[in-house]
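Below are the chains, spelled out letter by letter.
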Amino acid sequence: MQFPESWLREFCDPPLSTQQLADLLTMSGMEVEELRPVAPPFSGVVVAEIVEAVQHPQADRLRVCKVSIGRGETLQVVCGAPNARVGLRAPLALVGANLPPAAGSPDGKPFVIGVGKLRGVESAGMLCSAKELGIADEHGGLLELAPEAPLGRPLREHLHLDDTLFTLKLTPNLAHALSVYGIARELSALTGVPLRTPKTSPVRPEHDQHLPVEVLAKDLCGRFSGRVIRDVDTKARTPDWMVQRLARCGQRSVTALVDISNYVMFEYGRPSHIFDLEKIHEKLVVRWGKPGEQLKLLNGTTIEVDEKVGVIADARAVESLAGIMGGDATAVSDETRHVYVEAAFWWPEAVQGRSRRFNFSTDAGHRFERGVDPALTVEHIERITALIQQVCGGEAGPMDDQVLALPERQPVAMRVARAAKVVGLPLTQPQCADVFRRLGFSFSEEPGALRVTPPSWRFDIAIEEDLIEEVIRIIGYDKLPTADPQAPVAPRARAEAHRSPHVLRRALANLGYQETIGFSFVEERWERELAGNADPIKVLNPIAAPLSVMRSSLVGSLVAALRHNLAHKAARVRLFEIGRVFRRDACVLDGELTVAGVDQPSRVAALAYGPVDAAQWGTRERAADFFDVKGDIEAMLAPSQAMFEPATHPALHPGRCARVRLDGEDIGVVGELHPRWRQAYDLPNAPVLFELDLAAVQRARLPVYRAVARQQAASRDVALVLGEGAARASHAALAACLCADPAGLVRSATLFDIYRPSAPGGGVSMGERSMAYRLELRDDAATLTDERIDAAVAAAVARAASAFGARLRA
């Protein structure tokens, strides 16, 4: 919400400076996001009129102008603006004037006007454009002033440039503050300064023409008011004062009728619509849309409505999107002679979400979906009528007003003791009563409590806490006492066997990964393709159409982040995320931290793409693969040791995917992205990902003291030949089999070589694989002899032969 300070002070003018006024509004809940002067500082600029304009003798694009400022003799000014013409009134910077520094000026100093020569012709001053004065960005020529602008008058005074623009960031519950008058009403309550409410006298009807209106949907429209105005001049020029105020509210001037409608909306918060009466067929019908009906809107977009969208139609077709935007078919134009002015109360629930559905938003929809005062439709049409007659002329007809179903304001009780306890400030009943009186609330009193009936313009008062908020807001948050919290502080030590998410973040960062934070709601396609979730939890009111479901996996978020990085030319990407996922689970019941039917576990996931190392001379470039990421998982879980078993996952390559097990429990998966999804998501190469259960990863194995071995270890290498199917079963299982020595002599088995023959020979047949292991043997009680070592190795080979059909390679 943007508006000029001068307009606000016309309704309520407290003895406060601009900054004090902004601070007061912010502390009352209406945050002032920005204060900006209407124009930068400049001086020596006055209103002037060009009385003569001739071609420059030595330049085709320059004109030599004689300029009058109403003080006798004329001034000679050389000007290159295309609209410099006799009779034009424009700003003139006199000799000695200070203008704003030009954009990009290195020193930022004001530009001083002096007497100069342009192509040999003397110029005493400068005729100015709006851009040169810092008023606007347009540079289409001189700033054209009204023909009646007084000559010689300082431009700042004439255009009221010593003003400040307020930009408010309003929360959705502050619908009553979406107008200058609404903010002034709040300011009056905050300061006690009287609110000046202009009296709008009813316009005397000059004819009896009516437009029939049928309201068929009371749940869409609770009140509908309108009037016919005949013989208006739609080509009339909008007054400068109105154009100026609209511009300072961020609204450009369109036509006089549109400007008047917008002006009243900013003034009183009442959106309205003006129809071309002659384009309406027989009558207007307010109803819900019908499937298949189409409407071309004022913005040129053609939409299709259904039974959930409110419309205004005539006897033939839909003419307007109720409470949001008018239709092109009945829009006013330069040929319009008779108009119908409409103002209505649209139920907020009937407007909410409709603009977003059609991918646009309007000032009218923004207000109606929050709630607009239903009590003043007639008064606001009277105000619009008066302005139309003032600017465009015309004859007004009688007022039509249908009241069908207005909001029922239920009294809300507030206990004074409860209010004092909530705000932490001693309150008295007279204090609370004074607040409600200043706000314009009607109320009754009983010992220790007040029963308040919200006014028609307040849609945010429903429970006791709403009234308590109003009390402290008007009394002032700055009146709250400063008090340190008093509570027993008992430090709670985290169990050493439990790692915090921050520790895991540090661990992954040390491994070269960077953290991302993704939305919990994602595209339904990600869930279907990358998580294998055919029935994800849907979001009832998504912030964007694609983000329509809750994620059950972090993989989609990481792939999306990878695509974003690749679009910005990142060649090497390492990402991780720690966050919640959401899955349907009928076993979950309602609790303090749970929702019935929804499991919300936390996960840690990471993605590696591109070279293993950053560009360097020491090693040859190699793309990250499954085993690099597997090593990162092992480093993150250390000193716990995970097991990796072949598995499948909807998002991962079927031959390059493994299940991660820790302490006999499945905790997640790791693998390379499936080629199908690599192609579908336009990735040059496949990334390697893992996703693990956060709770399992947080369980840390505590270190256990062991004395340094007194005996020396021995090592033996064995090469085992296995069939290709057995070799693929699990390296971890084979290593565990080799170490399963009843005597406890075999301490570890390390795979250091794999051989697949390309041709028969070497003791390995085609379809077989040789896997070489280094066995470490040690007896803590005695030195090992060759006989015991050989026996232990033979027993290990025998176990492998029994379990996997392995044999020693010849």
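Look up a bit, the structure's there.
Computed from a predicted structure; not experimentally measured.

S.K.: So what about the pattern of salt bridges? Which residues, and what values?
M.R.: What the rule picks out here adds up to 54 salt bridges. Here Glu 186 makes a salt bridge to Arg 458, at a shortest N to O gap of 3.9 Å. In this pair, Glu 186 is assigned in helix α4 (residues 180-191) and Arg 458 in the loop between β26 (449-453) and α13 (464-475), connecting sequence segments 272 residues apart. Using a relative accessible area of 2% as the deciding quantity, one classes Glu 186 as buried. Lys 279 is the partner of Asp 276 in a salt bridge, and the nearest nitrogen-oxygen pair spans 3.8 Å.

S.K.: Lay out the sheet that holds strand β34 (residues 643-646) with the relevant residues and their values.
M.R.: In space, the 7 strands of this open sheet follow the order β27-β30-β33-β37-β36-β35-β34, with mixed pairing throughout. For this open sheet the edge positions go to β27 (514-515) and β34, each flanked by a neighbour on one side alone. Relative to strand β37 (residues 688-693), strand β33 (residues 602-609) is paired through 6 bridges, and the arrangement is antiparallel. Paired with Ala 608 across the strands is Val 688, a residue of β37.

S.K.: Pulling in residues and values, what's your account of the environment of Ala 375?
M.R.: For Ala 375, the location among the structural elements is in the loop between α9 (363-368) and α10 (377-392). Overall, Ala 375 belongs to the partly exposed group, its relative accessible area being 35%. Between the alpha carbons of Ala 375 and Arg 778 there is a distance of 93 Å; along the sequence they are 403 residues apart. Excluding residues within four positions of it along the chain, Ala 375 makes contact with Arg 223 and Ser 456.

S.K.: Which residues make up the side chain of Arg 551, and what values do they have?
M.R.: With respect to the helices and strands, Arg 551 occurs in the loop between β29 (547-550) and α16 (555-567). In this structure Arg 551 comes out as buried when scored by relative accessible area, which is 2%. Of the polar contacts made by the side chain of Arg 551, one reaches the backbone oxygen of Arg 580; its length is 3.2 Å. Among residues more than four places away in sequence, those in contact with Arg 551 are Gly 518, Phe 519, Ser 520, Val 522, Glu 527, Ser 557, Glu 577, Gly 579, Arg 580, Val 581 and Phe 582.

S.K.: Please set out the packing of helix α12 (residues 429-439) against α13 residue by residue, giving values where relevant.
M.R.: For the pair α12 and α13, the least separation of the axes is 10 Å and the interaxial angle reads 90°. It follows that α12 is roughly perpendicular to α13 by the angle criterion. Contacts between α12 and α13 pair Gln 431, Cys 432, Val 435, Phe 436, Arg 438 and Leu 439 from the former with Leu 467, Glu 470, Val 471, Arg 473, Ile 474 and Ile 475 from the latter. By residue class, the composition of the contact of α12 with α13 is 8 nonpolar, 1 polar and 3 charged.

S.K.: Run through the pairing of strand β11 (residues 164-169), naming residues and quoting values.
M.R.: For β11, the buried fraction is high: 5 of the 6 residues fall into the buried class. The pairing of strand β1 (residues 2-4) with β11 spans 3 bridges and is antiparallel. Paired with Pro 4 across the strands is Leu 165, a residue of β11. Here 6 bridges tie strand β2 (residues 31-37) to β11, and the two strands are oriented antiparallel to one another.

Basis of the calculations
- For every chain, the first residue of its written sequence is number 1, and the numbers climb from 1 along that sequence.
- Only residues with pLDDT of at least 70 are given local features in this predicted model, and only at 80 or more are side-chain atom pairs given and counted; all residues enter the totals for whole chains, interfaces and linings.
- Note: side-chain values were computed over all heavy atoms of the structure, leaving out hydrogens and water.
- A carboxyl oxygen of Asp or Glu within 4 Å of a side-chain nitrogen of Lys or Arg is what we treat as a salt bridge.
- A run of H or I in DSSP becomes a helix once it reaches four residues, and a run of E becomes a strand once it reaches two; helices and strands are each numbered from the N terminus.
- Buried, partly exposed and exposed residues are distinguished by accessible area as a fraction of the type maximum, computed with a 1.4 Å probe on protein chains only: under 20%, between the cut-offs, and over 50%, respectively.
- A pair of strands is treated as paired once DSSP finds two or more bridges between them.
- Only heavy atoms matter for contacts: two residues are in contact if any of them lie within 4.5 Å across the pair.
- Think of a polar contact as two N or O atoms within 3.5 Å of one another; within protein, one of them needs to be a possible hydrogen donor and the other a possible acceptor, and neighboring residues in sequence only count if both atoms come from side chains.
- Here an angle of 0 to 180 degrees is reported between the N-to-C directions of two axes, which are lines fitted to C-alpha atoms, with helices fitted over the stretch in contact.
- Convention used here: angles under 35 degrees read as roughly parallel, angles over 145 as roughly antiparallel, angles from 65 to 115 as roughly perpendicular, and any remaining angle as oblique.
- In this classification, the charged set is Asp, Glu, Lys and Arg, the nonpolar set is Ala, Val, Leu, Ile, Met, Phe, Trp, Tyr, Cys and Pro, and all remaining amino acids, among them Gly, are polar.

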